[in-house]
Amino acid sequence: MILHPEVIANLLASYAATFMVIYATFYGVQILRRWDIRSGDELQLALERKTYLISTVLTYVFALQLFSIFLYVFTADALCPLFVGAMCAAGTLNVNAFGYPTLLIKILTFMLAGLWLILNHADNQGYDYPLIKKKYSLLAFIVPFMILETILESAYFLGLKADVITSCCGSLFSIEREAGLGFILVSLPERAMAWIFYVSMLCTLTCGIFFYRRGRGGYLYSILSAMMFVVSIISIVSFISPYVYELPTHHCPFCIVMREYHYIGYFLYMLLFTAAVCGIGTGALLPFRGVQSLTPALGIFIRRLAIASTGSYAAFTAIVTCEIASSNLMM
Amino acid sequence: MDYETQMRSPIERQRGIIDFTLSSLMRRKVKNVGLLCLYALIVFILASAIFFTSSIKKEASLILRGTPEIIVQKMAAGRHDLFPLRDMEAVKNVRGVAAVEGRLWGYYFDDRLGANYTLIVPPAARSSAEPSEARPLFWFNAAALEPGTIVIGEGVARVGKLSKGDSIAFTAYDGSTIDLKVADTLSSKSELVSSDLILIGEEDFRKLFDIGKDYATDITVEVKNPREIPTVASKITRVLPDTRPIVRDEILRTYDSIFNWRGGMMIVILSAAILAFVIFAWDKASGLSAEERQEIGILKAVGWETSDVILMKFWEGAIVSLTAYFAGVILAYVHVFLTGSLIFEPALKGWSVLYPHFSLTPFISAEQLITLFFLTVVPYTIATIVPTWRAAIIDPDAAMRQTGE
């Protein structure tokens, strides 16, 4: 374990978020079992009040998760001088087997928390809580992932041991540490990847705008936006980051959030996360368009989600294109 | 109002609620000022610890960048011993080594002042091929260093009240006294490294400690290609098994760990204070005054929903948190970088008689600020969620009936 202020902040955030989600789920399960909107019972009244608490808690968890992804990455970056062979976050996360899995599951829980909030907002549009059971089932689904994330993150940080001078010297000497689970940052050929990125982005944006205007093709847009998230991440690794760093060999997806690159990564990743969560949320809400108490509010909300997602993807593409155009690197 | 117009002005709605929250906060100034001060104090203490440790780490890494790639020490029975110069050839022959140089340095305890000096024989003038961005550890007037004279650091000059032309009496290994004249003092820009430093001529050094001509304290090895450093270091241990090479990165890593540890330790110690603060915040948030209950009751009676009250409470928390957070951060900045961290200096820096006076270069990054945010605002927010909700679900009639009593 490395006693570092940022490590403490990470663990604190993780424990706090998990604690809050478990707390919320405790009441969520009660709602799942006892909810009866027609009843005027005292319990029902109490449960209706609890829904406010749970949605407040989840809103905070969602915000916390978003910040904690970034906190996690730059903690890893801050720790890299402590390990032989680690140049930035990418190396530090590879120090033991739990670094990358934690990051992936962090992204997953963030997305799930975002979906939950979207569902919650949709549910609040109707007077009779039409989606309440679905909402709390989703919450129960999120809990195991949150717990897993906390366990992995603790295992990662507790397992770190700095390579410091030992009394004998005995040091180091390029004893290449066994790479953890290993995580090959796929670096596909730049030119091909750039084509894939721009063509698929064009399709996604067209589909998004089409859905916004005509109200058709929502599921397709949802699937496309989920895929686009993955494609964008791969593109960052493959061809976007080398342009930002102006180094054809540097493909790190983490360094772009650093000070040296004017924190451009924050914008890019936040746009991507927003786009993906809203895009997937669009699809998740489509089946409930027919619910009577939700019309017409839900239809408007879904279209807003779609346009928010499309707008974020468009902004992402615009920033990326600007970066590439203004970069001194020619490939 | 139809649905569309209602949805069109969410910003207006938030603005209205913030406006209301601010005025209601101002109405209860005394209660909130206490909370705000305590909150800002917590942020201030943590921020000071974080700013201090990270800027001293930065300073250490800047200084160490100018040090040799590898230092080789001779070991005898597990202890650091004098390095026989004849072994230098073997090191020079290792492929990848650009230059090898013997160093003479040691510590001298001055019982008159009760202080330890670091004595160094300055290395021979380096070739001009040396990279210019490497910051030299100390600057001095090389011409001033003739036999019988020394150049002293500011710490030495300050504590011993010495200036140019004075002399210091050193007790040599055999008990005899050697008087050395102060020829110059070192530049004050480098006080962190040069405070307790004394530069001394080679002959005087050998006379003082009885070190033969064939020995040096240790040797420095220059390696041109940084990627070869670990390989060169391992080859040196193979050629000279009784030596210990210390690689610059290792020193850097060790300093980093030490200061991380100190910063982390501070936070662990302060966690009791944070916890106390969280309990205080919880208590403040749950103990609604009769006036506040009435206010919420009236708001709900005139049509506010539970979620609106929660929103109002959220803004209240955000306003208090951000005010305290920024006040704490600004105070900490002043404390660490302008007043030289008066309060934490002894705990975080370590101590010695000849402690250098130095001011840290201001260095703040988004990372530090977010870490700080996580350590202060997040616990506060979590502590206030449930009390906030409790306040928000008050029934209007119950609230007003109670206050009527």
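Residues numbered from 1 in each chain as written. Chains lettered and ligands numbered in written order. Predicted model: local features only at pLDDT ≥ 70, side-chain atom pairs only at ≥ 80, totals over all residues. Heavy atoms only, no water.

**With respect to the overall build of chain A**
Next, step 1: For chain A, the count of helices and strands is nine helices and zero strands.
Next, step 2: In sequence order, chain A lays out its α and β elements as α-α-α-α-α-α-α-α-α.
Next, step 3: Looking at the 331 residues of chain A, the share that counts as buried comes to 54%. (Helix = DSSP H or I, 4+ residues; strand = E, 2+ residues; numbered from the N terminus. Buried < 20%, exposed > 50% of the residue type's maximum accessible area, 1.4 Å probe, protein only.)

**As for unusual backbone geometry**
Residues and elements named next belong to chain A.
Next, step 1: Residue P296 follows T295 across a cis peptide bond; omega there is 0°.
Next, step 2: Tracing the backbone through its elements, the reader meets P296 in the loop between helix 8 (264-285) and helix 9 (297-326).
Next, step 3: At Y129, a position not held by glycine, the phi torsion is positive, near 50°.
Next, step 4: You can see Y129 is positioned in the loop between helix 4 (99-125) and helix 5 (132-158).
Next, step 5: In this structure, E246 is a non-glycine residue whose phi angle is positive, near 60°.
Next, step 6: Its location among the elements puts E246 in the loop between helix 7 (218-245) and helix 8.

**Section: the packing of aromatic side chains**
Next, step 1: If you walk through the whole model with that rule in mind, you get 36 aromatic pairs over all chains.
Next, step 2: Taken together, a centroid distance of 5.2 Å and an interplanar angle of 75° make the contact between F26(A) and Y27(A) edge-to-face.
Next, step 3: Take F26(A): its relative accessible area is 54%, and that puts it in the exposed class.
Next, step 4: For Y27(A), a relative accessible area of 15% puts it in the buried group.
Next, step 5: Ring centres 5.7 Å apart and planes at 75° place the aromatic pair W105(B) and Y107(B) in the edge-to-face group.
Next, step 6: Following the ring pairs from residue to residue traces out a cluster consisting of F62(A), F110(A), F229(A), Y269(A) and F273(A).
Next, step 7: The positively charged end of K50(A) is found above the aromatic ring belonging to Y27(A), 3.9 Å away from the centroid. (Phe/Tyr/Trp six-rings, centres within 6.5 Å; stacked < 30°, edge-to-face > 60°. Lys NZ or Arg CZ within 6 Å of the ring centre and 35° of its normal.)

**Re the interface of chain B and chain A**
By a frequent convention, interface size equals the accessible area lost on bringing the separate parts together.
Next, step 1: Counting residues at the interface gives 47 residues for chain B and 46 residues for chain A.
Next, step 2: Here chain B meets chain A over a buried area of about 4,200 Å², counting both sides, of which 72% is carbon and sulfur.
Next, step 3: Here R49(A) makes a salt bridge to D395(B), at a shortest N to O gap of 2.7 Å.
Next, step 4: For the side of chain B that touches chain A, the secondary structure elements donating two or more residues are helix 1 (3-8), helix 3 (29-64), helix 8 (229-239), strand 13 (243-247), helix 9 (248-286), helix 11 (306-338) and helix 13 (366-392) of chain B.
Next, step 5: Tallied by class, the residues present in the side of chain B that touches chain A amount to 27 nonpolar, twelve polar and eight charged. (Contact = heavy atoms within 4.5 Å. Buried area = accessible area lost by both parts, 1.4 Å probe. Salt bridge = Lys/Arg side-chain N within 4 Å of Asp/Glu carboxyl O. Nonpolar A, V, L, I, M, F, W, Y, C, P; charged D, E, K, R; others polar.)

**Quick word on the sheet that holds strand 5 (residues 105-110) of chain B**
Residue and element names in this part refer to chain B.
Next, step 1: Strand order in the open sheet made by the six strands is 5-6-10-7-9-8, with mixed pairing throughout. Of all strands in the sheet, those bounded by a partner on one side alone are strand 5 and strand 8 (167-171). Each adjacent strand pair in this sheet contributes to an overall mean axis angle of 35°, direction not counted.
Next, step 2: The pairing of strand 7 (residues 149-152) with strand 10 (residues 197-200) spans three bridges and is classified as antiparallel. Looking at strand 10, one finds that I150 is bridged to I200. (Pairing = 2+ DSSP bridges. Axes fitted to C-alpha atoms, helices over the stretch in contact; angles between N-to-C directions.)

**Here's the deal with the pattern of salt bridges**
Residues and elements named next belong to chain A.
Next, step 1: Scanning the model with the defined rule gives 16 salt bridges over all chains in all.
Next, step 2: With a shortest N-O distance of 2.9 Å, D123 and K135 are connected by a salt bridge. Here D123 is found in helix 4, whereas its partner K135 is found in helix 5, with twelve residues between them in sequence.
Next, step 3: The class for D123 is buried, based on a relative accessible area of 0%.
Next, step 4: Under the relative-accessibility criterion, K135 is labelled buried at 2%.

**Overview of a nonpolar patch on the surface**
Next, step 1: The grouping of L322(B), F326(B), I330(B), Y333(B), V334(B) and L338(B) at the surface amounts to a nonpolar patch, some 570 Å² of accessible area in total.
Next, step 2: Looking at where V334(B) falls in the secondary structure, it is placed in helix 11. (Patch = residues over 30% accessible without salt bridge, like charges linked within 9 Å, V, L, I, M, F, W, Y side chains within 5 Å. Areas by Shrake-Rupley, 256 points an atom, 1.4 Å probe, with all protein chains shown as cover.)

**Some words on the side chain of T384(B)**
Residues and elements named next belong to chain B.
Next, step 1: Looking at the element boundaries, T384 is found in helix 13.
Next, step 2: The exposure class of T384 is buried, given its relative accessible area of 11%.
Next, step 3: When neighbours within four sequence positions are excluded, T384 is seen to be in contact with A281 and A285.

**A short note on the nonpolar core**
Next, step 1: One finds I54(A), W116(A), F254(A), F273(A), L285(A), Y313(A) and F316(A) to be the most contacted residues of the largest nonpolar core, which totals 160 residues.
Next, step 2: Looking at this core element by element, the count peaks at 16 residues for helix 2 (residues 42-79) of chain A.
Next, step 3: The contacts of I54(A), once residues within four sequence positions are left out, are A24(A), Y27(A), G28(A), I31(A), W116(A), Y136(A) and L139(A).
Next, step 4: Core analysis: the second largest hydrophobic core is formed by 21 residues, L119(B), F170(B), V182(B) and I198(B) among them. (Core = buried A, V, L, I, M, F, W, Y, C linked by side-chain atoms within 4.5 Å.)

**Considerations on the confidence of the model for chain B**
The predicted coordinates ought not to be read in detail in places where the model reports low pLDDT.
Next, step 1: Mean pLDDT for chain B: 82, with 87% of residues reaching 70 or above.
Next, step 2: Below a pLDDT of 50 lies the segment residues 126-135 of chain B, which in the model reaches seven contacts outside its immediate sequence neighbourhood of four places, other chains included. (pLDDT = per-residue confidence, 0-100.)

**Quick notes on helix 4 of chain A**
Next, step 1: In this model helix 4 of chain A runs 40 Å from its N-terminal to its C-terminal C-alpha over 27 residues, within 8% of the 39 Å that 1.5 Å per residue would give.
Next, step 2: Among the 27 residues that make up helix 4 of chain A, 21 are buried, leaving the element largely enclosed by the rest of the structure. (Expected span 1.5 Å × (residues − 1).)

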